[in-house]
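Structural overview for review
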Amino acid sequence: MAIPAIAAVAYGLEVANRDLDESRVPLLGVVAAFVFAAQMLNFPIAGGTSGHLLGATLAAVLLGPWLACLVLAVVLTVQAFAFADGGITALGANVLNMGVLGALAAGLILGAAVRAFSPDRATFLAMVAGVSWIAVMVGAAATSIQLALSGTIPLGTSLPPMLGVHALIGIGEAVITVAAVSAVLAARPDLVALGRFPARERAPGPRTAEEGVT
Amino acid sequence: MRTKAFVAVALAVAVGLAVAVSPFASSSPDGLNKVAEDKGFLDTAAPSSIQDGSPIPGYAFPGVENERVATGLAGFVGTLTVFVLGFGLAALLARSGRGSAGGSRQRPGPDAAA
């Protein structure tokens, strides 16, 4: 699982190397910080279970899908090495499932939807909610598939409960992601890479073309 | 709002959440851990021995007795660490991208362990 994760992160590095505007540099840091913090905030869902934001959709909406892969790789790597959270050998799978797959699924779907429908703000946020949920479900399904491939547990045993519990966690993901994106839209709409909302008056200097999907 | 101000406010929100809210987060197992418990494969996830050297294992700042304070401190350190790493990585990439075409295709260092 490390190979596709490394490939996606390497491509993220490539995209950053090519396109990253210096004015957006601090934004990558702050999105990573927010995702890290939010991943600590487990919220209770049914049956003695909790969920927390994964953040791939949030990062993808704000930075584009490839930079989002980088952000999640940074967050999950720090969690594994500094906090002993998530195995080192599982890091590739974790980056893939919680980062890459969600960021790409959410980012590519949302990017296409924005191009197709040029949504207003409310519609855009509804789309963000939808892709947030999808990203969590994709990650959960991928985790089940990998657990089956590794011989840990058959797919038929883990997939139904994984999808069931993550259908609820995905709602939390959608709520938090929409709240965060709304806050950014209110303050600096031009910083939302996958949106096509112009800067407000008196924003400092023209923004360069947003990264978006490439 | 200028970008610097935006970043400062957003970082303050992130640090505030990690310090003040995370100590009160649910301690129930998360989705995957719950399924792993129920289906009996939780013990297949063993930490690697490298992780014995983790500075802040399990989000509890070492040497702090009060659990909530230990978690809040861990959140503070972690959030700032991630900010600095993300910022630093992005700064390196933005800088190297301006000069040489196709330069510095470095792999992410820590993933080499995977």
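Cut-offs and rules
- Residues numbered from 1 in each chain as written.
- Chains lettered and ligands numbered in written order.
- Predicted model: local features only at pLDDT ≥ 70, side-chain atom pairs only at ≥ 80, totals over all residues.
- Helix = DSSP H or I, 4+ residues; strand = E, 2+ residues; numbered from the N terminus.
- Buried ≥ 20, exposed ≤ 12 C-beta atoms within 10 Å, placed from the backbone.
- Contact = placed C-beta atoms within 7 Å.
- Rg over C-alpha atoms; globule rule 2.2 N^0.38 Å.
- Core = buried A, V, L, I, M, F, W, Y, C linked by C-beta atoms within 7 Å.
- Nonpolar A, V, L, I, M, F, W, Y, C, P; charged D, E, K, R; others polar.
- Axes fitted to C-alpha atoms, helices over the stretch in contact; angles between N-to-C directions.
- Left-handed = near helix turned anticlockwise from the far one by under 90°.
- pLDDT = per-residue confidence, 0-100.
- Parallel < 35°, antiparallel > 145°, perpendicular 65-115°, else oblique.

**Brief notes about the overall build of chain B**
What chain B contains, in helices and strands, is three helices and zero strands. Secondary structure elements in chain B, listed N-terminal to C-terminal, are α-α-α. Within chain B, the proportion of its 114 residues that are buried is 29%. The contacts in chain B between residues at least 6 apart in sequence include a share of 49% that link residues at least 24 apart.

**Details of the overall build of chain A**
A count of helices and strands for chain A gives seven helices and two strands. For chain A, the sequential pattern of α-helices and β-strands runs α-α-β-β-α-α-α-α-α. In terms of overall dimensions, chain A is globule-like: its C-alpha atoms have a radius of gyration of 17 Å, near the 17 Å expected for 214 residues. C-alpha atoms of chain A, sized along the principal axes, occupy 55 × 35 × 30 Å. Burial analysis of chain A (214 residues in total) assigns 59% to the buried set. The long-range share in chain A, meaning contacts at least 24 apart out of those at least 6 apart in sequence, stands at 69%.

**Description of the nonpolar core**
Where a protein is soluble and globular, its nonpolar side chains tend to be buried together. Formed by 105 residues in total, the largest nonpolar core has its most connected members in A:Ala59, A:Val71 and A:Leu72. No other element matches helix H4 (residues 65–83) of chain A, which puts 15 residues into this core. Setting aside chain neighbours within four positions, we find A:Val71 in contact with A:Leu28, A:Val31, A:Ala32, A:Val35, A:Ala59, A:Leu63 and B:Gly86.

**Describing the interface of chain A and chain B**
Listed per partner, the contact involves 66 residues of chain A and 62 residues of chain B. Residue assignment for the side of chain A that touches chain B shows that the elements contributing at least two residues are helix H1 (2–19), helix H2 (25–39), strand S1 (43–45), strand S2 (49–51), H4, helix H5 (91–117), helix H6 (121–149) and helix H7 (155–187) of chain A. Top element by residues in the side of chain A that touches chain B is H2(A). It accounts for 12 residues. Taken together, the residues of the side of chain A that touches chain B sort by class into 43 nonpolar, 18 polar and five charged.

**Some details on the packing of H7(A) against helix H2 (residues 31–39) of chain B**
One way to put it is that H7(A) packs onto H2(B) with a least axis distance of 9 Å and a crossing angle of 145 degrees. Our pair here, H7(A) against H2(B), has a crossing hand that is right-handed. For the pair formed by H7(A) and H2(B), the contact residues are A:Thr157, A:Ser158, A:Pro161, A:Met162, A:Val165, A:His166 and A:Ile169 on the first element and B:Gly31, B:Lys34, B:Val35, B:Asp38 and B:Lys39 on the second. Residue classes in the contact of H7(A) with H2(B) are distributed as five nonpolar, four polar and three charged.

**Points about the confidence of the model for chain A**
Residue and element names in this part refer to chain A. Averaged over all residues, the pLDDT of chain A equals 92, while 93% of them reach at least 70. Per-residue pLDDT, averaged within each element of chain A, yields its smallest value for H1 (90) and its largest for helix H3 (residues 56–63) (98). In this model residues 210–214 is a low-confidence stretch, pLDDT under 50, and it forms 16 contacts with partners more than four residues away in sequence or in other chains.

**Some thoughts on the environment of B:Pro23**
All names here are of chain B. Checked against the element boundaries, Pro23 lands in the loop between helix H1 (3–21) and H2. Pro23 gets classed as partly exposed once you count the C-beta atoms within 10 Å, which come to 19. C-alpha separation for the pair Pro23 and Asp43, spaced 20 residues apart in sequence, amounts to 26 Å. In this structure Pro23 touches Arg68, Thr71 and Gly72, once residues within four positions along its chain are discounted.

**Points about the packing of H3(A) against H7(A)**
All names here are of chain A. At a closest axis distance of 9 Å, the pairing of H3 and H7 adopts a crossing angle of 25 degrees. By the angle class used here, H3 and H7 are roughly parallel. Considering how the two elements wind past one another, H3 and H7 form a crossing that is right-handed. From H3, Thr57, Leu58, Val61 and Leu62 reach across to H7, where they touch Glu173, Thr177, Ala180, Val181 and Val184.

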